[in-house]
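Okay, here's what each chain looks like letter by letter:
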Amino acid sequence: MTYAITQTCCSDATCVAVCPVNCIHPTPQERAFGSTEMLYVDPKTCIDCGACADACPVDAIFPVDSLPASQAGYAAINEAYFAGQEPGPDSTGPNFHHWNAPSFERSLPSDFAPIRVAVVGTGPAGMYATEDLLLHTNAEVTLVDRLPVAGGLVRYGVAPDHPATKKVGDTFARFHDHPRVRMRLGVEIGKDVTAAELAAHHDAVIYAVGASTDRRIGVPGEELPGSISATTFVAWYNSHPEVAPDAVGLSSRRVIVAGNGNVALDVARILVADPAALAGTDIADHALAALRASKVREVVLLGRRGPEHAAYSASELLALKHLPGVELVVDDHDPRTAATIDGAAAGEKAGLLRGLARETVDWSRTPGSERRIVFRFHSAPVQVLGDDAVRAVRVTSGPGELDIPAGTLLRAVGYRGVPVAGLPFDEATGTVPHEGGRVRGMPGTYVVGWIKRGPSGGIGANRACAAETVGTLLDDAVAGSLPAPAPAPKAFLRLARSRSRHVVDARGLAAIDRAELARGRDGGRPRVKFGTVPELIAAAKGGRRKLPS
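Keep in mind it's a predicted model, so treat the numbers as computed, not measured. (Residues numbered from 1 in each chain as written. Predicted model: local features only at pLDDT ≥ 70, side-chain atom pairs only at ≥ 80, totals over all residues. Heavy atoms only, no water.)

### Thoughts on the confidence of the model for the chain
Item 1. This prediction gives the chain a mean pLDDT of 92; 95% of its residues lie at or above 70.
Item 2. Throughout residues 545-549 the model reports pLDDT below 50, and contacts reaching past four residues in sequence, or to other chains, amount to 14 contacts. (pLDDT = per-residue confidence, 0-100. Contact = heavy atoms within 4.5 Å.)

### So, the packing of aromatic side chains
Item 1. Counted under the stated rule, the structure contains 8 aromatic pairs.
Item 2. Where Phe233 meets Tyr237, the ring centres are 5.4 Å apart and the plane angle is 90°; that geometry is what we call edge-to-face. Of the two residues, Phe233 and Tyr237 both sit in helix H9 (residues 230-237), 4 residues apart, roughly one turn of that helix.
Item 3. A residue is classified by how much of its surface remains accessible, and Phe233, at 1% relative accessible area, is buried.
Item 4. Aromatic ring contacts, followed pair by pair, group Tyr40, Tyr81 and Phe82 into a single cluster. (Phe/Tyr/Trp six-rings, centres within 6.5 Å; stacked < 30°, edge-to-face > 60°. Helix = DSSP H or I, 4+ residues; strand = E, 2+ residues; numbered from the N terminus. Buried < 20%, exposed > 50% of the residue type's maximum accessible area, 1.4 Å probe, protein only.)

### Details of the pairing of strand S15 (residues 371-376)
Item 1. For S15, a buried count of 5 out of 6 residues is recorded, marking the element as mostly surrounded by other parts of the structure.
Item 2. Two strands pair when backbone bridges link them, and strand S12 (residues 298-302) and S15 are joined in this way by 5 bridges, in the parallel orientation. Along S15, the bridge assignment pairs Leu301 with Phe375.
Item 3. Two elements, strand S13 (residues 326-331) and S15, share 5 bridges in a ladder whose sense is parallel. Bridge pairing in S15 places Val330 opposite Phe375. (Pairing = 2+ DSSP bridges.)

### A look at the side chain of Thr122
Item 1. Inspection of the secondary structure puts Thr122 in the loop between strand S5 (116-120) and helix H4 (124-136).
Item 2. The class for Thr122 is buried, based on a relative accessible area of 2%.
Item 3. For Thr122, the side chain forms a polar contact with the side chain of Asp145, separated by 2.7 Å.
Item 4. A polar side-chain atom of Thr122 sits 3.1 Å from the main-chain amide nitrogen of Gly151.
Item 5. Dropping the residues within four chain positions of it, Thr122 is found in contact with Met127, Leu143, Val144, Asp145, Val149, Ala150, Gly151, Gly152 and Leu185. (Polar contact = N/O pair within 3.5 Å; in protein donor to acceptor, adjacent residues only side chain to side chain.)

### Focus: the nonpolar core
Item 1. Ranked by internal contacts, the top residues of the largest apolar core, which has 72 residues, are Ile5, Ile24, Leu39, Val117, Met183, Ile206 and Leu473.
Item 2. Setting aside residues up to four positions removed in sequence, Leu39 forms contacts with Ile5, Cys9, Ser11, Ala13, Cys15, Val16, Ile24, His25, Pro26, Phe33 and Asn78. (Core = buried A, V, L, I, M, F, W, Y, C linked by side-chain atoms within 4.5 Å.)

### What to know about unusual backbone geometry
Item 1. The linkage connecting His25 with the following residue, Pro26, adopts the cis geometry, with an omega of -5°.
Item 2. For Pro26, the location among the structural elements is in the loop between strand S2 (24-25) and strand S3 (40-41).
Item 3. Phi is positive for Ala13, close to 70°, though the residue is something other than glycine.
Item 4. Taking relative accessible area as the criterion, Ala13 reaches 6% and is therefore assigned buried.
Item 5. Look at His378: it is not a glycine, yet its phi comes out positive at around 50°.
Item 6. Of note, His378 is situated in the loop between S15 and strand S16 (381-385).

### Here's the deal with the side chain of Glu131
Item 1. Tracing the backbone through its elements, the reader meets Glu131 in helix H4.
Item 2. Setting aside its immediate chain neighbours within four residues, Glu131 contacts Thr171, Arg174 and Phe175.

So this is what it looks like as structure tokens:
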């Protein structure tokens, strides 16, 4: 028996580090690491020890013989990755093939003095940086977030029907009450405290603020009511306190999603999923109620290019194919689509669409009672039509154009970073200019995650990104080029409390967690999140127990 990595793989390579026979690839030392959709277990090398499954933060690794029907295909996917890649034997030891050379990434002087580092943002990028600092140095870390609760993308970006992916948050949560961590949630840099003030209280500051807004399509009518960014929709069903419960309407029988990345598939799946299945997740109460009353029966995924260039991962498409009660259809309007699907080799992304129903869709027809998702490739929006709300989207169709009636357009063409007050910003890329994570012209200031590299890569990609940034920071520390903080360590808390009425610390965060879990137990759900800042603040104050302050 061997193990296989499945859909929820986060690619953070925790499994690679614990494998005793080097059977998981690509490793962080290999060129393909970061460019593959997931990691893979070599079935010919695996010795069935289960170390990888124990270490996986998102429960993505299972014995092949216990894979459920919906994930059985991952045994072949893992095996196919190694086809034609037979490793050479290792004649010097007990392993089946050679290990990479030993790597000692954190080599610090024995007299390395403690440093104070502020990390702005508590999503995956910020927490991987925090983990690196705590495990490899004696640094003291101040975690800062503009919201009064931690989690970032894990809390507000992962779809509620992907609970295994959310488990990476448990890995990060173990650092929230670490003796060398101080949490200052509910403090916004640039509003409550300036970047210069934050820097003055710490040896270094790492900004992990992500990409919080959406890219625009750039077509007329994009601002009409009913044209909604996928960032708003995702935040809406995840109880983000900055998105109102009535921000999304589901009164149209057809919804058009512009884009075909993983976020586009996420929103399409949520729109047509059985609300009864979602009722057992941590989806927002208002979103669940809206989906139960929803009139949406058809979701159209617009892809500007062909299926061979689709931006979604194979694992997300496979998950969609196993969605109960939902038909998947490929719009056969362009002959290139069918030719690409039929000609795709085994393992190619376009080949995964083989076997789906194909039809030249009659868009004048009102969607029926059955739920379905239509893949329409080689088609891009050129105009959103309507007087005071969306009524149709004009799209390219061969040499001409076509109007597809719809009451909602979800724009899922990517995320974009926003400027951070006090930091330089590149408008073209939506990122902060940097060199290895070091912000140009600002000693002691660093970036990590999407604000550093742009909105690419999933949760696990932030681990390698954080390692680079922390490595640069420590090089600067050893070189003596970090500006020394003037105030005493506790002075920042006094400053934050003088500017923000409700600063949440580790005790308050623990109280929020307990209250949300209790609400979930009452309703037979894993968690029921508070959806407003006042609710979060009240929960933080309502049941705190003593932790480091």
